[in-house]
Amino acid sequence: MHHDLILKGARVIDPSQNHDGVCDVAFAEGRVSGFGRDLPAGPATQVRDMAGAIVTPGLIDLHTHVYWGGTSIGIDADEFCRTSGVTTSVDTGSAGPGNFAGFRKHVIDRSEARILAYLHVSFAGIFAFSKTIMVGESRDPQLMAPREAVEVAEANRDVIVGIKVRVGRNSSGDQGTAPLNIALQVAEETGLPLMAHIDEPPPSYEEVLAMLRPGDVLTHAFRPFPNSPVTAQGAVKPALRDARARGVLFDIGHGKGSFAFKTARAMLAGGFLPDTISSDVHQLCIDGPAFDQVTTMSKMLCLGMSLHDVIAASTVNAAVALKRMEYGTLKVGALGDATVLSVRDGAFDYVDTRGEHMTGAQRIFSEGVVLRGRWWHPS
């Protein structure tokens, strides 16, 4: 078989195939075309020596905000993805049915990096989120747009992967679970999964979990008190284990205020790993405390997750949440996306959303990206 590109001799970690060892990965016509030792190169094949590097399936950041120019929190997807090793950025509710057409035309369709989206059930999505203006888009029931959300989701099935709603004191005021109930109706009508944001009560963490269905995602799952998933004594609350048993997925969603080392230590000590690791990167946290996907992954690595589990939570597990199994894998025939990483030893400073600093012994760095079968890194 003719290969356009071969990444040669890397340590390839692909949790979708339970593979961790040295081999080659090849790409042709935008797909993975080879996986194994000593893949043959043709006269036109670009061969990159990856000895000493780690190659993984293309990283999926399950929670981002990349409606650049259309919302105050949007960042540039291509710039972010190229430097942070992300090949698929999943925008979670930046746009609602009232402005999704602009998001698609001006950002999604023009981006080199792959963008998928959870559509917000609120008409204009997250429309007033900045350093000076904070208006929860779920506070006013008049902004809920279930009919329009169904129409837009049905018309954009190729890029809309789910429905998003934000609930909590900051995003929905005194509405409690009412916006979540509306969003669940949209999710049921469209047959799509739901991603629920949770911040401070009301509603409680347990109330939100009780309403989620198998395949739905709770983001900000490792958030600090109040609405922490652990008790004052550090035990994982029973409601989380019950929800996981019925298929609810738990996502990090670091962001500006939704991840605490104290919570993460307790969750991992209780054997409760996140299903997915995501940055929730946006304008208010891209310069800290979240920074990017590989920094969020590094924090979880230094807190005690294995490198295999960290990579799984950013590749195949995210693909499961998206219900798109050609993502997050290097199986032959899959999407031709890969990320080149290194893990360096040292003393690295990390900070959570409550200002706690942690010195970690390792850090994950992005060294390059293959996107649609082609080398997509500036170096």
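Owing to the predicted nature of the structure, the values given are computational and were not obtained by experimental measurement. (Residues numbered from 1 in each chain as written. Predicted model: local features only at pLDDT ≥ 70, side-chain atom pairs only at ≥ 80, totals over all residues. Heavy atoms only, no water.)

A closer look at the sheet that holds strand S10 (residues 194–198)
No. 1: What the seven strands build is an open sheet, ordered S6-S7-S8-S9-S10-S11-S12; its pairing is parallel. Strands at the two margins of the open sheet, each flanked by one partner only, are strand S6 (59–64) and strand S12 (249–250).
No. 2: Relative to S10, strand S9 (residues 160–167) runs parallel, the two sharing five bridges. When the sheet's bridge partners are listed, Ile163 is paired in S10 with Leu194.
No. 3: Contacting strand S7 (86–92), strand S8 (114–120) and S9, helix H2 (residues 100–108) crosses the sheet at an angle of about 170 degrees to S8. (Pairing = 2+ DSSP bridges. Helix = DSSP H or I, 4+ residues; strand = E, 2+ residues; numbered from the N terminus. Contact = heavy atoms within 4.5 Å. Axes fitted to C-alpha atoms, helices over the stretch in contact; angles between N-to-C directions.)

Re the side chain of Asp352
No. 1: In this fold, Asp352 is placed in the loop between strand S13 (338–351) and strand S14 (357–371).
No. 2: For the buried Asp352, no salt bridge is present, and the opposite-charge side chain at shortest range is Arg265, 6.5 Å distant.
No. 3: From its side chain, Asp352 meets the backbone nitrogen of Arg354 in a polar contact 2.9 Å long.
No. 4: Within the structure, the side chain of Asp352 is placed 2.8 Å from the backbone nitrogen of Glu356, a separation counted as a polar contact.
No. 5: Once residues within four sequence positions are removed from consideration, Asp352 is found in contact with Phe259, Ala260, Phe261 and Pro289. (Buried < 20%, exposed > 50% of the residue type's maximum accessible area, 1.4 Å probe, protein only. Lys, Arg positive; Asp, Glu negative; His and termini not counted. Salt bridge = Lys/Arg side-chain N within 4 Å of Asp/Glu carboxyl O. Polar contact = N/O pair within 3.5 Å; in protein donor to acceptor, adjacent residues only side chain to side chain.)

Digging into the packing of helix H3 (residues 146–155) against helix H5 (residues 178–190)
No. 1: Contact geometry of H3 with H5 gives a least axis separation of 10 Å together with a crossing angle of 35 degrees. Between H3 and H5 lies a crossing of right-handed hand. Contacts between H3 and H5 involve Pro146, Ala149, Val150, Ala153 and Glu154 from the former and Ile182, Val186, Glu189 and Thr190 from the latter.
No. 2: When grouped by side-chain class, the residues that make up the contact of H3 with H5 number six nonpolar, one polar and two charged. (Left-handed = near helix turned anticlockwise from the far one by under 90°. Nonpolar A, V, L, I, M, F, W, Y, C, P; charged D, E, K, R; others polar.)

Section: unusual backbone geometry
No. 1: Along the chain, Pro201 connects to Pro202 via a cis peptide bond; the corresponding omega equals 5 degrees.
No. 2: Within the secondary structure, Pro202 is located in the loop between S10 and helix H6 (205–211).
No. 3: Between Pro202 and the following residue, Pro203, the backbone shows a cis peptide bond with an omega angle of -5 degrees.
No. 4: When you line up the elements, Pro203 lands in the loop between S10 and H6.
No. 5: Even without a glycine there, the phi angle at Glu29 is positive, about 50 degrees.
No. 6: Checked against the element boundaries, Glu29 lands in the loop between strand S2 (19–28) and strand S3 (31–36).
No. 7: With phi around 50 degrees, Asp280 is a residue other than glycine that occupies positive phi space.
No. 8: By the secondary structure assignment, Asp280 is in the loop between helix H8 (261–269) and helix H9 (293–303).

Points about the packing of aromatic side chains
To describe a pair of aromatic rings, one takes the distance between the centres and the angle between the planes.
No. 1: Tallied over the entire structure, the rule returns five aromatic pairs.
No. 2: Geometrically, the ring pair formed by Phe100 and Phe103 is edge-to-face, given 5.9 Å between the ring centres and 90 degrees between the ring planes. Pair noted here: Phe100 and Phe103 are both in helix H2, with a separation of three residues, about one helical turn. For the pair formed by Phe100 and Phe103, the shared burial category is buried.
No. 3: Geometrically, the ring pair formed by Phe348 and Phe365 is edge-to-face, given 6.3 Å between the ring centres and 65 degrees between the ring planes. Pair noted here: Phe348 is in strand S13 and Phe365 is in strand S14, with a separation of 17 residues, a long-range link.
No. 4: Classification of Phe348 as buried rests on a relative accessible area of 17%.
No. 5: Cation over ring: Arg244 sits above Phe272, and NZ or CZ is 3.8 Å from the ring centre. (Phe/Tyr/Trp six-rings, centres within 6.5 Å; stacked < 30°, edge-to-face > 60°. Lys NZ or Arg CZ within 6 Å of the ring centre and 35° of its normal.)

A few points about the UniProt feature "domain: Amidohydrolase-related" (unreviewed entry) in the protein
No. 1: If you check UniProt for "domain: Amidohydrolase-related" (unreviewed entry), the listed places come out as residues 54–208 in our numbering.
No. 2: Across residues 54–208 one finds 31% helix and 24% strand; the C-alpha atoms that close the span lie 38 Å apart. (UniProt positions renumbered as here; feature names shortened; annotations may be inferred.)

Here we look at the pairing of S9
No. 1: The buried fraction of S9 is high, at eight of eight residues.
No. 2: Here four bridges tie S8 to S9, and the two strands are oriented parallel to one another. From the neighbouring strand, His120 faces S9, where its bridge partner is Lys164.
No. 3: Remark: the S8/H3/S9 crossover connection has right-handed handedness. (Right-handed = clockwise from strand over helix to strand, strands pointing away.)

Some remarks on the packing of H8 against H9
No. 1: For the pair H8 and H9, the least separation of the axes is 10 Å and the interaxial angle reads 50 degrees. Our classification of the angle between H8 and H9 gives oblique. Taken as a pair, H8 and H9 cross one another with a handedness that is right-handed. For the pair formed by H8 and H9, the contact residues are Phe261, Ala264, Arg265 and Leu268 on the first element and Lys299, Met300 and Leu303 on the second.
No. 2: Split into classes, the residues belonging to the contact of H8 with H9 amount to five nonpolar, no polar and two charged. (Parallel < 35°, antiparallel > 145°, perpendicular 65-115°, else oblique.)

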